[in-house]
Amino acid sequence: MTTSTPVAAKPKFGRPRRSFLRGQRRTALTAWLFLAPSLIALTAFTVYPMIQAAYLSFTNYNLIRAAQWVGLSNYQELFRDPAFWNAFWNTVIYAVIVAPVTLVLALALAVFLDRGFRGRSFVRTSIFLPFIVSLGIIAIAWSFLLDPNIGLISYWLSSVGFVSQQGLLSDPAWALPTVMFVGVWKNVGFYMVIYLAGLQSIPTELHEAARLDGANVWQRFRTITLPLLSNQTMLVSVMALIASLQAFDQIYVMTHGGPFFRTETLVMLIYREGFQELRFGYGAAISWVLLIFVFLLSMIQYGLFQRRQVRY
Amino acid sequence: MTATLERTQAAGTTRRRPHYTSTRTVVPWLVTIAGIVIALAMVLPMIWMAFTAFKPEADIVTFPPTLWPREFTLQHFIDVWNRIPFAHLYLNTIVFAGSVTVISLFFDSMAAYALARLEFRGRNLVLVLVLILLMLPFQVTLIPLYDMLNGLGLTNSIPGMIIPRVTNAFGIFFLRQFFLSLPKDLEEAARVDGASEWRIYWRVIMPLARPALLTLGLFHFQYNWNDLLWPLIMSSDLDNATLPAGLALFMGQHVVEYGLLMAGSLLALLPVVIFFLVIQRSFVAGIATTGFK
């Protein structure tokens, strides 16, 4: 509203209305020219492929054979396919544990780092560093550290009495928790920095006033810090959930989906069906299920936060 | 007056001192120690990687494993250039991550300028489109995108890897948020002086947006330098792979060459880590002051 006022007032100053209209049209033209490169690229390389994937999911396309319409049969196969349900539940377990754990740890670390102490910036940089390095590369080091024969961490664990004969990554019970741990380790520093920025924007007077009123540390955290961080919490939880539903890198390197498909996530399954078995139609169907799943969860999350924000 | 004040203060401190001195000196040290323990645990894989790269293979497999090398060698760093087309992987990664960063910053900022600073019909529609694309998983595009680039003969090539990434919904949104926070005065002044929109964008807005561009630039650079899935799909052999894909492919074939892989990994991680340590102050400031609010 405010921005349109000076424009609307313009004709008063003797300007003919025609040139104002022409000016507006010229701004629109300029705007579309500024947008053109991005819009063309987004349409060609994101929107169009998404629609194309929807189409392919109704075909039996496999790179060699031309696409043949098969109706819903990919989806029917999918919902009967134990490999799909396995990957689906692995993804759900991964996301349901990794996203909240990362969020809580990030918040705890941010609160810890919010006070001044010697070595603070060193600690902050170290916690952030895993986010900067390639998960695909550092996962190689993680697999060696967890190797049952040469691994330093395996050795340390065994010296406190925790022994896994075949190694954590080959142990069907431990493989998924292990790649989940690496997933948390990778991203916690990034969310911590977002929380730190939020903490630093909270005025100190609020805490002072609450302390004078006799509120203890926990009460101050619950009634001041947490509500004022709700923007960061919403951002972090959306990002953490979306990222954990797309887990791939460390799994590809550390377990390749094994042992016995115990760590195969939906993205791993898309990779296997699409690019190793070359079943493009079937892979596209799985990818659309993932898309709808991510979309629905994001909407639910958005709704939850909308309602919660009213309360404060 | 002052004397009494000093005295009461002195009395106050002496009365409290026995309690305070102990906690005052001990607690900060405990906090620092706790902090350093957390920090070391977080960087353990990196430290182990760096030390292992200098260990002879015999030392790596000796039981019990140690963090600190019992013997130093540079052999792995020599091998890595001979055994893997490492220089090639490096060059591919620099070209891929570098081009994507530069081109995407340029296109992202142009689109963000239009969305933040220009009034036109359809603006909200474009913004909603960007937000939706930001949210949806990109994996859904992989199969058709590969198919499209394959039809154009661009698979297994660096340009094929770069082209789909010339713009980025997150980048557009991030810069739009930053542009919205910039004051309008300078821009209005330039407009009154008759400057074109392009001139305002390039001469007024872009210089003001340096911290945000730097932050986003690091995001783009590290994301593409580190990316595994996309280069893995696009390159069928080591010649056209980037470092993460190349090392993963090599690991798949030669799993037991620990020292060699660690030397290669160390060299692959180094540029991003150094780049980050150099600009980390403005990077963290960028996160604090831009789109993440």
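All values reported here derive from a predicted model rather than from experimental measurement.

Draft legend 1. Spotlight on the overall build of chain B. Along the backbone of chain B there are 14 helices and zero strands. The N-to-C order of helical and strand elements in chain B reads α-α-α-α-α-α-α-α-α-α-α-α-α-α. Here chain B holds 293 residues, and the buried ones make up 51% of them. At a minimum sequence separation of 6, the contacts of chain B that also span at least 24 residues come to 73%. For chain B, the exposed surface amounts to about 13800 Å²; the carbon and sulfur share of it is 67%.

Draft legend 2. Broad picture of the pattern of salt bridges. All names here are of chain B. This structure, assessed with the given rule, holds 10 salt bridges over all chains. Among the salt bridges present, the one from Asp-59 reaches Arg-70, with a minimum N-O distance of 2.8 Å. Taken together, the positions of Asp-59 in helix H2 (residues 57-60) and Arg-70 in the loop between H2 and helix H3 (75-83) put the pair 11 residues apart, joining distant regions of the chain. Among the salt bridges present, the one from Glu-187 reaches Arg-191, with a minimum N-O distance of 3.0 Å. In this pair, Glu-187 and Arg-191 both sit in helix H9 (residues 185-192), four residues apart, roughly one turn of the helix. Judged by its relative accessible area of 1%, Glu-187 falls in the buried class.

Draft legend 3. Just the packing of aromatic side chains, in detail. With the rule as written, the count across this model stands at 52 aromatic pairs over all chains. Look at Trp-198 of chain B and Tyr-201 of chain B: their rings are 5.2 Å apart centre to centre, the planes differ by 55°, and that puts the pair in the tilted class. Residue Trp-198 of chain B and its partner Tyr-201 of chain B are located together in helix H10 (residues 197-208), separated by three residues, close to a single helical turn. Trp-198 of chain B sits in the partly exposed class, given a relative accessible area of 40%. Through pairs of rings, three or more aromatic residues link up here, namely Phe-128, Phe-131, Phe-190 and Tyr-191 of chain A together with Phe-170, Phe-174, Phe-219 and Phe-276 of chain B. Directly above the aromatic system of Tyr-282 of chain A lies the positively charged group of Arg-279 of chain A, at a separation of 4.3 Å from the ring centroid.

Draft legend 4. Summary view of unusual backbone geometry. Residues and elements named next belong to chain A. Although it is not a glycine, His-256 adopts a positive phi angle of roughly 55°. Within the fold, His-256 resides in the loop between helix H12 (249-254) and helix H13 (266-276). Overall, the relative accessible area of 41% leaves His-256 in the partly exposed class. The phi dihedral of Phe-261 falls on the positive side, at around 65°, and the residue is not glycine. Position of Phe-261 relative to the elements: it lies in the loop between H12 and H13. Judged by its relative accessible area of 43%, Phe-261 is partly exposed.

Draft legend 5. Up close: the packing of helix H4 (residues 86-117) of chain B against H10 of chain B. All names here are of chain B. Packing of H4 against H10 brings their axes to within 11 Å, and their N-to-C directions diverge by 105°. As the angle between them shows, H4 and H10 are arranged roughly perpendicular. Contact with H4, carried on its side by Phe-106, Ser-109, Met-110, Tyr-113 and Arg-117, involves Glu-197, Trp-198, Ile-200, Tyr-201, Trp-202, Ile-205 and Met-206 of H10 and no other residues of that element. Classifying every residue of the contact of H4 with H10 gives nine nonpolar, one polar and two charged.

Draft legend 6. Highlighting the environment of Thr-91 of chain A. Residues and elements named next belong to chain A. For Thr-91, the location among the structural elements is in helix H4 (residues 82-114). Using a relative accessible area of 0% as the deciding quantity, one classes Thr-91 as buried. In the structure, Thr-91 is positioned 100 residues away from Tyr-191 in sequence and 21 Å away in space, judged by C-alpha atoms. Ignoring any residue separated from it by four or fewer positions in sequence, one finds Thr-91 in contact with Leu-245, Thr-265 and Leu-266.

Draft legend 7. How the structure looks around a nonpolar patch on the surface. Residues and elements named next belong to chain A. The grouping of Phe-79, Trp-85, Trp-89, Ile-93, Val-96, Ile-97, Val-101 and Leu-105 at the surface amounts to a nonpolar patch, some 730 Å² of accessible area in total. Ranked by residues supplied to the nonpolar patch, first place goes to H4 with seven residues. Overall, the relative accessible area of 46% leaves Phe-79 in the partly exposed class.

Draft legend 8. Spotlight on helix H11 (residues 210-226) of chain B. Here H11 of chain B contains 17 residues, and its C-alpha end-to-end distance of 24 Å stays within 8% of the 24 Å for a straight helix at 1.5 Å per residue. Burial of H11 of chain B is extensive: 13 of the 17 residues sit out of reach of the surface.

Draft legend 9. Broad picture of the interface of chain A and chain B. At the interface, 92 residues of chain A touch 93 residues of chain B. The junction of chain A with chain B conceals about 8200 Å² of combined surface from both sides, 83% of it contributed by carbon and sulfur atoms. In this assembly, chain A and chain B are joined by seven residue pairs in polar contact (both at pLDDT 80 or more). Counting residues per element, the side of chain A that touches chain B draws most heavily on helix H2 (residues 17-56) of chain A, which supplies 23 residues. By residue class, the composition of the side of chain A that touches chain B is 68 nonpolar, 19 polar and five charged.

Draft legend 10. Molecular detail of the packing of H9 of chain B against H10 of chain B. All names here are of chain B. Following both chains from N to C, one finds H9 and H10 inclined at 155°, their axes separated by 10 Å at the closest point. Relative to H10, the element H9 lies roughly antiparallel. For the element pair H9 and H10, the recorded crossing hand is right-handed. Of the residues in H10, those in contact with Leu-186, Glu-187, Ala-190 and Arg-191 of H9 are Glu-197, Ile-200, Val-204, Ile-205 and Leu-208. Of the residues contributing to the contact of H9 with H10, the split by class is six nonpolar, no polar and three charged.

Draft legend 11. Structural detail: the side chain of Thr-225 of chain A. All names here are of chain A. Position of Thr-225 among the secondary structure elements: in helix H10 (residues 217-228). According to the relative accessible area criterion, Thr-225 is buried, its value standing at 5%. Leaving out residues up to four positions away in the same chain, Thr-225 has contacts with Leu-199, Ile-202, His-207 and Arg-220.

About the criteria used
Residues numbered from 1 in each chain as written. Chains lettered and ligands numbered in written order. Predicted model: local features only at pLDDT ≥ 70, side-chain atom pairs only at ≥ 80, totals over all residues. Heavy atoms only, no water. Helix = DSSP H or I, 4+ residues; strand = E, 2+ residues; numbered from the N terminus. Buried < 20%, exposed > 50% of the residue type's maximum accessible area, 1.4 Å probe, protein only. Contact = heavy atoms within 4.5 Å. Areas by Shrake-Rupley, 256 points an atom, 1.4 Å probe, with all protein chains shown as cover. Salt bridge = Lys/Arg side-chain N within 4 Å of Asp/Glu carboxyl O. Phe/Tyr/Trp six-rings, centres within 6.5 Å; stacked < 30°, edge-to-face > 60°. Lys NZ or Arg CZ within 6 Å of the ring centre and 35° of its normal. Axes fitted to C-alpha atoms, helices over the stretch in contact; angles between N-to-C directions. Parallel < 35°, antiparallel > 145°, perpendicular 65-115°, else oblique. Nonpolar A, V, L, I, M, F, W, Y, C, P; charged D, E, K, R; others polar. Patch = residues over 30% accessible without salt bridge, like charges linked within 9 Å, V, L, I, M, F, W, Y side chains within 5 Å. Expected span 1.5 Å × (residues − 1). Buried area = accessible area lost by both parts, 1.4 Å probe. Polar contact = N/O pair within 3.5 Å; in protein donor to acceptor, adjacent residues only side chain to side chain. Left-handed = near helix turned anticlockwise from the far one by under 90°.

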